[in-house]
Amino acid sequence: MAERVAAQPELYSISSEHPALNGRRCVACGYVFFPPQSYGCESCGALPDQIEPAQLAGSGVLNSFATVHLHQGKGIEAPFTVGVIVLDDGPAVRSVLTARTDEGLRNGDRMHSVLTTCGTNEEGNEVVELRFTKTEATR
Amino acid sequence: MKKTLREMRPVYVVGIGLHRYQRMSETSYVTLGLTAVREALKDANLEWRSVDSAYTGTALIGMAASRPMLRHLGATGIPMAQVENASASGSTAFRQACLDVASGIADVSLAVGVDKPGPVSSGPAKSNIRDLVGARAVPFTHFALLTNQYMNRYGVRIEDVAAVAVKNNRNGANNPYAQRQKAVTLDEVLAGPQISGALTRLQCCPVGEGAAAVIVASADAIDELGINRSRAVRVIASVTQTERVYRGAANFDAELTRATVAQAYKEAAITPADLDVVEVHDAFTIEELLYAEMLGLCKEGEGAAMVTSGATDIGGRCALSASGGLLAMGHPIGPTGAGQIAEITRQLRGEAGARQQPNARTGLAHMVGVGAVCVVHVLQNDN
Ligand SMILES: [Zn+2]
């Protein structure tokens, strides 16, 4: 049986259907950030050895969104919708949303991460990508 | 001890020249640049041999662009260098020319911005830090997201945001150097094609080719070289800052602009009420509103209402993007910041013809660039 692989394994793991994001935390000043890097802390200048992994829960609030109607990039098929999600764990991230258009989306919607199949690689494995989707109210 | 530009030797803009901004053509960057520099020399009534140093603002031409262009004015052996600072390349080249004169290293210095569309070799892309969206979020989507954020936060309609494009294209129609020289209606702006989010084509600036040149000189040089003092415009602040860490979904271009402008106002000893003409980095309609608010021309959230009220039209309280701005005049990258200085100088001289803001005395030029950087200059006619 073919395996599932992450399109960007450095940014998230696919062990859960609602993946956390691989953020980083500066031990020296407490700054939490995404995307991850280990060059040094942007907030206080601490050295790489002061930067530790920080799992950021894949949930947050939709700050803003835009449906891209026109895109000239190779292999990028418009329309698709990009959102800015302020994670419950602090940082704001930009992500592709599962909905192709912005129909039904509102600023302030609760959002969570999901895995979306985006193709197969040369080994025949299913490549999945982290996207965000609207969390439907469950009362 | 540190000094501001104003505490150093006075610097004056004495010559301006442009090659029209236009769609990419077969014209060499050398021809584009020389056209602008020769016009600036003529405007200042200066010989090339009087120029002591030269900076070329360019982001796309590539290595060693200056001398292959400027040698055709006569190889005088002066110091030359390229200045790359993304969209703010021309602004930063102008700053370097100002600093040469202010310090006394040069009496006369040239800043020329020149570019042609081409492949971009980008520092951020080479930093190997990948995010979730990658190439799927290009600049127009970055600003489409900010447009959505702004409209939601302040309850503003897209018609109000798009009004910026109507004003700026009306101004551009009177600017012979503008890439877009045609007035448009709000319906035409909104008609599309739709690019990203609520942004339509006419709410995004055209990126073509062109050149803009500015010559700055000291008071000594003005006297000794017989430059017309009454047409010289003083540079009273040159300030640049870079992005810091902002929390959550803060808009970094706006926050960076807020901080840079505050420093420029302090150094120039002016308030927003003193500004008669302002050119900002209006690559997208939303940006003019955000930066007008950060400049303190109105309260936050009131930018769209200010634009539709006519207060920022030519003849209004403060003419915003009288040149047509990036939206109509165009954004050929390297020239853009230098072109803003040319427009403000023309306005403060009272030589802007159909685009003239009455009694313009003080002007401000603002650019941001990928990285992110922000460059602000304040000019004043102290005659
Ligand atoms: Zn830190």
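Rules used throughout
Residues numbered from 1 in each chain as written. Chains lettered and ligands numbered in written order. Predicted model: local features only at pLDDT ≥ 70, side-chain atom pairs only at ≥ 80, totals over all residues. Heavy atoms only, no water. Helix = DSSP H or I, 4+ residues; strand = E, 2+ residues; numbered from the N terminus. Buried < 20%, exposed > 50% of the residue type's maximum accessible area, 1.4 Å probe, protein only. Polar contact = N/O pair within 3.5 Å; in protein donor to acceptor, adjacent residues only side chain to side chain. Contact = heavy atoms within 4.5 Å. Core = buried A, V, L, I, M, F, W, Y, C linked by side-chain atoms within 4.5 Å. Salt bridge = Lys/Arg side-chain N within 4 Å of Asp/Glu carboxyl O. 1 Å grid on protein atoms, 1.4 Å probe; cavity = no way out; pocket = protein on both sides within 12 Å on 5 of 7 lines; lining within 4 Å. Points joined across faces, edges and corners; volume = space filled by probe spheres on them. Nonpolar A, V, L, I, M, F, W, Y, C, P; charged D, E, K, R; others polar.

Draft legend 1. Seen up close, the side chain of A:Thr133. Residue and element names in this part refer to chain A. For threonine 133, the position within the fold is in strand 9 (residues 126–134). Relative accessible area serves as the criterion here: at 18%, threonine 133 is assigned to the buried category. Looking at threonine 133, its side chain comes within polar contact range of the side chain of threonine 98, at 2.8 Å. Filtering out sequence-adjacent residues up to four positions away, threonine 133 remains in contact with Thr98, Arg110, Met111, His112 and Val114.

Draft legend 2. Region of the structure containing the nonpolar core. In this structure, B:Leu275, B:Val278, B:Leu295, B:Leu297, B:Leu364 and B:Val378 are the most contacted members of the largest nonpolar core, which totals 63 residues. Setting aside residues up to four positions removed in sequence, B:Leu295 forms contacts with B:Val261, B:Tyr265, B:Pro272, B:Val278, B:Val280 and B:Leu364.

Draft legend 3. Structural context of the pattern of salt bridges. Residue and element names in this part refer to chain B. Scanning the entire structure with this criterion turns up 21 salt bridges over all chains. With a closest N to O distance of 3.2 Å, aspartate 313 and arginine 170 form a salt bridge. Here aspartate 313, found in the loop between helix 11 (303–309) and strand 10 (319–320), pairs with arginine 170, found in helix 6 (residues 158–172); they are 143 residues apart in sequence, far enough to count as distant. Overall, the relative accessible area of 38% leaves arginine 170 in the partly exposed class.

Draft legend 4. Main features of the interface of chain B and chain A. On the side of chain A, 37 residues touch chain B, which itself brings 27 residues to the contact. Counting across the chain B and chain A interface gives 1 salt bridge. Close ionic contact of B:Arg136 with A:Glu129 constitutes a salt bridge, the shortest N to O distance being 3.1 Å. Seen at the junction of chain B and chain A, the total is 11 residue pairs in polar contact (both at pLDDT 80 or more). Listing elements by their share of the side of chain B that touches chain A, those giving two or more residues are helix 5 (139–154) and strand 5 (194–196) of chain B.

Draft legend 5. Quick peek at empty space enclosed by the protein. All names here are of chain B. Enumeration over the complete set of coordinates arrives at 1 cavity of 30 Å³ or more. The calculated volume of the largest cavity comes to roughly 60 Å³. For the largest cavity, the full set of lining residues is Tyr21, Glu279, Ser323, Gly325, Leu326, Met329, Gly330, Thr336, Gly339 and Gln340. Of all elements in the fold, only helix 12 (325–328) and helix 13 (336–349) reach the threshold of two or more residues within the lining of the largest cavity. Per element, the largest residue contribution to the lining of the largest cavity is 3 residues, and it comes from helix 13. Taken together, the residues of the lining of the largest cavity break down into 3 nonpolar, 6 polar and 1 charged.

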